[in-house]
Amino acid sequence: MSSYQIGVLTVSDTCARGEATDQSGPEIISMIKSHYKALMGKSGENITINTTYKVVPDEVEHIQSLVVQWVHQGYKLILTTGGTGFTPRDVTPEAIKPLIEKRCKGIEIAMLKTSLDVTPHAMLSRPVAGIKSNTLIVTLPGSVKAVRENLAAILPAVPHAIGLINSAPKASTTSEHRSKDYSSNSNSTVTSISSDGCRGHHGHSHSHNHSHQEEKPHSCGDGVHRKRVSPYPMINVDDAIDIILKQCDLLDIGTEMKPITEALGRLLAEDIHSVEPFPPFRASIKDGYAVRSKDGVGKYKILGDSLAGSSSYDPQLLAAQDPKEKYCVVITTGAKIPDEFDAVVMVENTELIADEKDHVSILSSVAVGEDIRPVGSDIPAQSLVLKKGAKIGCAEVGLLATLGLVQVSVHKLPSVSIISTGDELVDYQTKQIPSGMIRDSNSPTLASIIQELNSHFGECASRENIHLHGIVKDKVEDLERVFKDAAARSDIIITSGGVSMGQLDLVKPLLEKMGKLQFGRVNMKPGKPLTFSTITTASDSTANKNKTTLVFSLPGNPVSTVVTFYLFVVPALRKLSGFSNYNLPMVEVKLNDRLRLDPERPEYHRVTIEWDFNQHCFISTSTGSQASCRLLSLKNANALLLLPKSEGYQEKGSMVKAIVIGPLHN
Ligand SMILES: Nc1ncnc2c1ncn2[C@@H]1O[C@H](COP(=O)(O)OP(=O)(O)O)[C@@H](O)[C@H]1O
Ligand SMILES: [Mg+2]
């Protein structure tokens, strides 16, 4: 028994905002259920039908994103309702048309004819029907009545249409096949025709392994016929980070023992308990005299001294003295208090007595225990001193030393491979660069950011295991060879370049072939084409475990590279290194500039922030033009403002959240 997935998409601003109840979407579902099943039954096929229903506003991006996602997931039929009229907000045909690889005018005419028989106003509807990959897409009008009429008109032909679209491809594809009318012959080779019109010899060998080869934005070398719309659904930043963090769980980086002096910035992989108490003896807090508090003020005989680390005082001496007299012992800070004494009088509250070197005058009385640190007052014996997961800072190193620990168990750090891709790149050390070429700045920048993160926010990448693979040309074979090498040696691969829509952007399809592409577009500016994949390779060790490598394919523009690194790679690095807080610190800042907002995508605007003592808040100053190629917009930037997607401006003086990416001052 086969099953068909059908997507029903209501396009309506008011329904999306919850201001109106959608009737057309549910009507489509109920018509599919009652009619379509019956129709399928007639054709003798045993098919289950599942429907997915979504409501989106009248926005091209929203519509395309869902439709592309559904096509990618192999939906057989997508029916939209709404947004096909003449008002300025009606954009459904504009969203669907660029996605379509084969227009199905017949279906459009059938719908128009039916409606025109009812009302001449039907001529104001702009239906679109067509095929993308293996999916039939039809835009129905918005009103329930029109939906009923139009859907009833086309449903009889839909099962056959789906059957034809999904019929088995023939072994060879000729231009004759391509031009054939698919509706006339159930053996037509629709699925074997490349969706973007590229001829076979332009395709890349790897694409043949993929069942949805039509959907890949692979280069066909022919700029005219390249894809115009990315087939990768656009997901939001938070969802993208969730996907990344989930994949981090598949990596078992493990723990290692480190000498405490090499563990700074690492995360403890074990609870640390004290064995002994600290201080291990009653210790003086002051320089002065250890006394018996009951003796009060007066003239004391000095029986010796107890200096930090050494003592000349002999307890036998006190036993031999006249019990009516007052006795004391000279004491220094940190020295052990002899058992017979119970308080310390600080030197400032005493006076020497002329010509009586073995006597001192105590000027103030003290209570029992005064200026004495009792045994275990800092660290009791058998107590939990540092919790598993704690970051080892300088003080923690001191505590570990106090406890006598020479080595501790810490989380291992992920190994990282950095790869720059692009035919136009030369090594940054190149003096004379040929025309049309530029120096690779991304690899040195990324390596430096990792160093800075390690120093400022805690170790999150193995300093010894940062592999710089250099520049790889935009050639599938070269990229594949280097990716394989990097996957074998690293937990994380960071590439830059080659992920957008250009004809040399080969990274996405290659990663689809080599592993699993988890997402290929994120709703953000800069950095939209950011791609995240996993590559799993059989381990060469006897442990018989597969090795997973996380691959972050960052867009090539230097600013996009850096911004996406902070947003997506940092949480992964920190999670793998044992941090429980994966994110960099976030603060609220007051804007010193009026900033234009992006109506399409949330933006991560580079700013310098500093504390203002008069206003008692952080003030942010924009680094200027935010073009994603302008690395200067990152100069002196120590924070990324989180600007919402919106029309208009973020006003000067308003408060906005910002992610701290660097030190607060230079
Ligand atoms: N390593 C790099 N160093 C400096 N600039 C780079 C680097 N990689 C790419 N670029 C530049 O970034 C821009 C986008 O490159 P491209 O490969 O198309 O990236 P993507 O397809 O990922 O958006 C181009 O101008 C390119 O020259
Ligand atoms: Mg490139």
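Our subject is the structure listed above.
Described in the following lines is the structure provided in the data block. Keep in mind that what you see is a predicted model, and the values were worked out from it rather than measured.

The rules we used
Residues numbered from 1 in each chain as written. Chains lettered and ligands numbered in written order. Predicted model: local features only at pLDDT ≥ 70, side-chain atom pairs only at ≥ 80, totals over all residues. Heavy atoms only, no water. Helix = DSSP H or I, 4+ residues; strand = E, 2+ residues; numbered from the N terminus. Buried < 20%, exposed > 50% of the residue type's maximum accessible area, 1.4 Å probe, protein only. Contact = heavy atoms within 4.5 Å. Areas by Shrake-Rupley, 256 points an atom, 1.4 Å probe, with all protein chains shown as cover. Pairing = 2+ DSSP bridges. Axes fitted to C-alpha atoms, helices over the stretch in contact; angles between N-to-C directions. Salt bridge = Lys/Arg side-chain N within 4 Å of Asp/Glu carboxyl O. Parallel < 35°, antiparallel > 145°, perpendicular 65-115°, else oblique. Left-handed = near helix turned anticlockwise from the far one by under 90°. Nonpolar A, V, L, I, M, F, W, Y, C, P; charged D, E, K, R; others polar. Phe/Tyr/Trp six-rings, centres within 6.5 Å; stacked < 30°, edge-to-face > 60°. Lys NZ or Arg CZ within 6 Å of the ring centre and 35° of its normal. Patch = residues over 30% accessible without salt bridge, like charges linked within 9 Å, V, L, I, M, F, W, Y side chains within 5 Å. Near = heavy atom within 4 Å. Polar contact = N/O pair within 3.5 Å; in protein donor to acceptor, adjacent residues only side chain to side chain. 1 Å grid on protein atoms, 1.4 Å probe; cavity = no way out; pocket = protein on both sides within 12 Å on 5 of 7 lines; lining within 4 Å. Points joined across faces, edges and corners; volume = space filled by probe spheres on them. Domains from an automatic or database assignment. Expected span 1.5 Å × (residues − 1). Bend = angle between axes of the 7 residues up to and from the residue.

### A word on the overall build of the protein chain
Thought 1: Scanning the protein chain from N- to C-terminus turns up 15 helices and 34 strands.
Thought 2: Taking all 666 residues of the protein chain together, 49% fall into the buried category.
Thought 3: Look at the contacts in the protein chain between residues 6 or more apart in sequence, and 74% of them connect residues 24 or more apart.
Thought 4: Surface summary for the protein chain: the accessible area is close to 31,300 Å², and the carbon and sulfur share equals 52%.

### What to know about the sheet that holds strand β27 (residues 546-554)
Thought 1: Strand order in the open sheet formed by 6 strands is β23-β20-β24-β27-β26-β25, and the pairing between neighbours is mixed. Each of the sheet's edge strands pairs with one partner strand only, and the pair in question is β23 (466-472) and β25 (516-519). Taking the axes of each pair of neighbouring strands and ignoring which way they run, one obtains an average angle of 20 degrees across the sheet.
Thought 2: The strands touched by helix α14 (residues 507-514) are β24 (492-496), β25, β26 (531-538) and β27; relative to β26, the strand with the most contacts, the crossing angle is about 35 degrees.

### Description of the pattern of salt bridges
Pairs may arise between side chains of opposite charge once their charged atoms sit close together.
Thought 1: One pass over the structure, following the stated rule, counts 25 salt bridges.
Thought 2: Residue Glu27 pairs with Arg148 through a salt bridge whose shortest N-O separation is 3.1 Å. Separated by 121 residues along the polypeptide, Glu27 in helix α2 (residues 24-42) and Arg148 in helix α6 (residues 144-154) bring together distant segments of the chain.
Thought 3: The partner of Glu108 in a salt bridge is Lys105, and the shortest N-O contact between them spans 4.0 Å. Linking Glu108 with Lys105, this pair stays in helix α5 (residues 105-118), spanning 3 residues, or about one helical turn.
Thought 4: In this structure Glu108 comes out as buried when scored by relative accessible area, which is 4%.
Thought 5: Classification of Lys105 as partly exposed rests on a relative accessible area of 47%.
Thought 6: It is possible to trace a salt-bridge network through shared partners that takes in Asp13, Glu59 and Arg89.

### Let's talk about the packing of helix α9 (residues 237-248) against helix α15 (residues 558-576)
Thought 1: Packing of α9 against α15 brings their axes to within 10 Å, and their N-to-C directions diverge by 30 degrees. As the angle between them shows, α9 and α15 are arranged roughly parallel. As for the relative orientation of α9 and α15, their crossing is right-handed in sense. In contact with Val237, Ala240, Ile241, Ile244, Leu245 and Cys248 of α9, α15 contributes Leu567, Phe568, Pro571, Ala572, Lys575 and Leu576.
Thought 2: Per-class residue counts for the contact of α9 with α15 are 11 nonpolar, no polar and 1 charged.

### A word on the packing of aromatic side chains
Thought 1: Scanning all chains against the criterion turns up 6 aromatic pairs.
Thought 2: For the pair Tyr313 and Phe341, a centre-to-centre distance of 5.8 Å together with 70 degrees between the ring planes defines the contact as edge-to-face. Of this pair, Tyr313 sits in the loop between β12 (310-311) and α10 (315-319) while Phe341 sits in the loop between β13 (327-331) and β14 (343-346), and the two are 28 residues apart along the sequence. The pair Tyr313 / Phe341 is uniform in exposure class, with both members buried.
Thought 3: Between Phe519 and Phe532 the ring centres are 5.7 Å apart and the planes differ by 35 degrees, which places this aromatic pair in the tilted class. Note that Phe519 is positioned in strand β25 and Phe532 in strand β26, a separation of 13 residues in sequence.
Thought 4: The buried category is assigned to Phe519, whose relative accessible area is 4%.
Thought 5: These aromatic residues form a ring-pair network of at least three members: Phe519, Phe532 and Phe552.
Thought 6: Its guanidinium or amino end placed over the ring of Phe579, Arg574 lies 3.9 Å from that ring's centre, counting from NZ or CZ.
Thought 7: Taking the ring centre of Tyr649 as reference, the NZ or CZ of Arg594 above it sits at 3.7 Å.

### Observations regarding a nonpolar patch on the surface
Thought 1: A cluster of nonpolar residues, Phe86, Leu116, Met123 and Leu124, forms a patch on the protein surface that exposes about 430 Å² of accessible area.
Thought 2: Among the secondary structure elements, Met123 is positioned in the loop between α5 and β5 (129-132).
Thought 3: Residue classification places Met123 among the exposed positions, given a relative accessible area of 56%.

### Points about the site of ligand 1
Thought 1: Around ligand 1 lies a shell of 19 residues, among which Glu424, Asp440, Gly498, Ser500 and Gly556 are the nearest.
Thought 2: For ligand 1, an oxygen atom lies 2.5 Å from a polar atom in the side chain of Glu424.
Thought 3: Here a nitrogen atom of ligand 1 sits 2.7 Å away from a polar atom, N or O, in the side chain of Asp440.
Thought 4: Out of a free accessible area of 550 Å², ligand 1 has 79% covered by protein chains.
Thought 5: Contributing elements (two or more residues each) for the shell around ligand 1: β20 (416-421) and β22 (438-439).
Thought 6: Residues that form the shell around ligand 1 fall into these classes: 5 nonpolar, 10 polar and 4 charged.

### Some points on the layout of surface pockets
Thought 1: There is about 570 Å³ of room inside the second largest pocket.
Thought 2: Looking at the second largest pocket, it is lined by 25 residues, and the ones nearest its centre are Glu61, His62, Ser65, Asn523 and Lys645.
Thought 3: In terms of residues, the lining of the second largest pocket owes the most to one element, helix α3 (residues 60-72), which gives 7 residues.
Thought 4: Partitioned by chemical class, the residues of the lining of the second largest pocket number 11 nonpolar, 6 polar and 8 charged.
Thought 5: Taken domain by domain, the makeup of the lining of the second largest pocket includes at least three residues from each of domain 1 (2-165) and domain 5 (586-660).

### What to know about unusual backbone geometry
Thought 1: The omega torsion of the bond from Phe278 to Pro279 falls at 0 degrees, within 30 degrees of zero and hence cis.
Thought 2: Mapping Pro279 onto the fold places it in the loop between β8 (272-273) and β9 (283-284).
Thought 3: Residue Pro526 is reached from Lys525 by a cis peptide bond, and omega for that bond is 0 degrees.
Thought 4: If you trace the backbone, Pro526 turns up in the loop between β25 and β26.
Thought 5: Of note in this structure, Ser133 is not a glycine but carries a positive phi near 55 degrees.
Thought 6: One non-glycine residue, Asp371, lies in positive phi territory at about 55 degrees.

### Things to note about the pairing of strand β6 (residues 135-140)
Thought 1: By the criterion of burial, β6 is predominantly enclosed, with 6 of the 6 residues buried.
Thought 2: Burial along β6 is two-sided: Thr135, Ile137 and Thr139 and Leu136, Val138 and Leu140, pointing in opposite directions, are all buried.
Thought 3: For strand β3 (residues 77-81) and β6, the ladder comprises 5 bridges, and the chain directions are parallel. Within β6, the position partnered with Leu77 by the bridge is Leu136.
Thought 4: Pairing of β5 with β6, which is carried by 4 bridges, proceeds in the antiparallel orientation.

### A closer look at α15
Thought 1: Between its terminal C-alpha atoms α15 stretches 25 Å, which fits the 27 Å expected from 19 residues at 1.5 Å a residue.
Thought 2: The largest bend along α15 reaches roughly 40 degrees and is located at Phe565.
Thought 3: With respect to burial, α15 is a largely interior element, 18 of its 19 residues being buried.
Thought 4: Of the residues one or two after α15, Gly578 is the one with positive phi, at around 105 degrees.

Worth remembering: the numbers are spatial, not functional.
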